[in-house]
Amino acid sequence: MRHPSIKSSIKSSIKSRLRFLTALALAPCLAGCFVSPGGESSPEGGPSGSRLRVALAFPPAENLSPYGADATLLSRLGVTEGLTALDVNGAAAPALARSWQREGDRTWRFTLREATFQDGTDVTPAAVAAALTHAGQAEPAPAALAGVTLGAKADGEHGIRITTRKPDPVLPMRLAGPSLAILSPKAYEKKRNPTPVGTATGPFEITDVNGGGSATLDRYDDYWDGLAHATGIDVRFVKDGTARANAVRTGDVDIAEAIPVAQAATLDEATLKEAGTTRTTSLQLNTETGPFKDPELRAAARTAIAPSALVEGVFEGYADPGAGLFGPAVTWAESKRVKPAGRAEPARPDGTTVTLATYDNRPELPEVAQVVQQQLRKAGFTVKLEVREYSRLESDALAGKFDAFIGARNSLLDTGDPVGVLGGDYTCDGGYNLARLCDKKVDRAVAEAVGTDGTGERQDAAMAAEAAILGTDAVVPLAHQRIIAGVSTKVRGVLLDPYERTLVGTGTRR
């Protein structure tokens with residue numbers, strides 16, 4: 001028998017003391033260094049180790065909402081989980097659900113494992129159903145639910161039954177999306193976005209957030225899959241890529257994500273970790289307003305771009321030239337790629353003025369933007385360049401306030417399903433539609449792909465939809481990137497996966 005009230009009281013006392021000690025430790029560290037207490041013994045005799053010091057490129061952009069860009073931040077730090085996860089092959093694997101089975105075309109039944117939320121309450125079918133219902137009602141809809149309507153109901157002591165309006169053969173993969181993390185009922189008590197602070201299920205619990213500067217996480221000792229080796233994580237959000245690389249060199253951090261390619265050669269080979277990723281850097285053209293509403297000017301922009309020059313001059317070989325929305329890390333894509341048809345003929349820009357925007361959290365992007373600016377100018381455009389930090393840029397980009405936008409997007413991040421990103425990014429109702437694209441042919445192609453069953457058939461349909469999107473010239477793929485991280489030689493168990501959903505887990509330690 002669990003006693004949530006007693007347990008919560010004890011945890012609250014411990015957390016208060018930890019916050020006090022953390023504040024004392026950080027007080028003299030105004031220059032941006034990390035102070036980390038030593039390892040501590042587990043009260044249950046489990047694994048124990050030092051706190052991890054992590055530098056991330058992106059601060060919270062949406063107050064830690066699980067429904068937007070911050071969802072990935074939460075999953076990478078081991079805070080949130082969904083019913084399922086993705087394995088190394090991109091297939092659905094157990095997480096909070098230990099098994100599932102399909103019941104007809106539109107219904108799936110998931111069996112939950114025994115687990116608790118970080119507020120001490122049990123993960124019950126009713127709580128899971130409520131969390132998924134809230135996600136389904138969010139506006140804009142989480143990218144993982146683009147084009148999908150679902151209903152969730154508790155079914156017995158350990159079961160939950162999920163029904164979709166239309167058949168959804170990849171629902172188990174969809175539920176692995178970071179934006180469909182399961183939070184406790186306490187997370188939804190306020191009308192604004194739910195809070196993952198103290199309400200998630202992962203091995204690490206957020207105990208303090210200092211705006212966009214830093215965050216403190218403690219180990220959640222009742223995690224269903226066992227104690228994490230690290231006793232906590234001290235996170236610093238450092239948008240400057242050179243500063244992140246320097247922090248690895250000087251030993252101020254244990255893990256730093258998104259090391260700039262220009263800094264890769266300066267790191268000791270033993271601290272440089274590289275992995276393939278499904279992330280693609282693209283030029284998104286605003287099809288709704290401004291000059292690029294004209295498909296002939298979009299075609300002119302597309303023909304002006306030389307991706308190979310970007311790969312050689314900016315990415316220094318840590319990328320491949322943009323071939324489509326899906327790159328080499330999606331191993332089946334190239335053999336199934338369909339040539340875009342029906343593209344407009346390029347018009348002469350004749351000095352047409354456009355505003356090109358990007359963000360500097362990924363240091364390569366401003367350099368990419370400068371090269372693209374030069375290429376567009378050479379073609380006859382007048383280009384104004386605007387660079388901001390991502391959290392100050394996202395809302396304007398989504399609102400269509402720029403004519404063109406350069407961003408890096410992991411094509412399989414939201415669902416692991418190739419169709420998911422197409423619906424979220426390029427359909428009329430897409431929640432992350434930076435190109436403001438609303439095209440009947442594209443919507444029809446994506447809808448056909450959504451309803452396709454069978455792995456091979458779904459891949460074929462996804463590539464047909466990719467061709468329809470590329471045929472509008474709303475997006476110009478520039479480069480397919482690779483993950484570059486800086487990791488101390490003292491650290492083991494860092495999780496680098498092509499979907500970029502994970503970074504720190506129970507086995508990550510120093």
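Right, let's walk through the structure included here. (Residues numbered from 1 in each chain as written. Predicted model: local features only at pLDDT ≥ 70, side-chain atom pairs only at ≥ 80, totals over all residues. Heavy atoms only, no water.)

## Quick look at the pattern of salt bridges
Thought 1: Evaluated as defined, the whole model comprises 28 salt bridges.
Thought 2: Salt-bridge contacts for E274 lead to R482; the nearest nitrogen and oxygen are separated by 3.6 Å. Separated by 208 residues along the polypeptide, E274 in strand β12 (residues 272–285) and R482 in strand β17 (residues 475–487) bring together distant segments of the chain.
Thought 3: The exposure class assigned to R482 is partly exposed, which follows from its relative accessible area of 30%.
Thought 4: Across the pair R482 and D320 runs a salt bridge whose closest N-O atoms are separated by 3.4 Å. Pair noted here: R482 is in strand β17 and D320 is in strand β13 (residues 319–321), with a separation of 162 residues, a long-range link.
Thought 5: When its relative accessible area of 26% is taken as the criterion, D320 is described as partly exposed.
Thought 6: Among the ionic contacts, a cluster of salt bridges with common partners joins E103, R109, D155 and R161. (Salt bridge = Lys/Arg side-chain N within 4 Å of Asp/Glu carboxyl O. Helix = DSSP H or I, 4+ residues; strand = E, 2+ residues; numbered from the N terminus. Buried < 20%, exposed > 50% of the residue type's maximum accessible area, 1.4 Å probe, protein only.)

## What to know about empty space enclosed by the protein
Regions of empty space are outlined by a rolling probe, equal in size to a water molecule, passed over the atoms.
Thought 1: In the structure shown here, the tally under the stated rule is three cavities of 30 Å³ or more.
Thought 2: For the largest cavity, the calculated volume is near 190 Å³.
Thought 3: Surrounding the largest cavity, 15 residues form its lining, S282, Q284, R409, D425 and Y426 being those nearest its centre.
Thought 4: If you list the elements that add at least two residues to the lining of the largest cavity, you get β12, β16 (404–410) and α12 (418–426).
Thought 5: Examining the composition of the lining of the largest cavity, we find that four residues originate from one element, β16, more than from any other.
Thought 6: Within the lining of the largest cavity, the residues separate by chemical class into eight nonpolar, five polar and two charged. (1 Å grid on protein atoms, 1.4 Å probe; cavity = no way out; pocket = protein on both sides within 12 Å on 5 of 7 lines; lining within 4 Å. Points joined across faces, edges and corners; volume = space filled by probe spheres on them. Nonpolar A, V, L, I, M, F, W, Y, C, P; charged D, E, K, R; others polar.)

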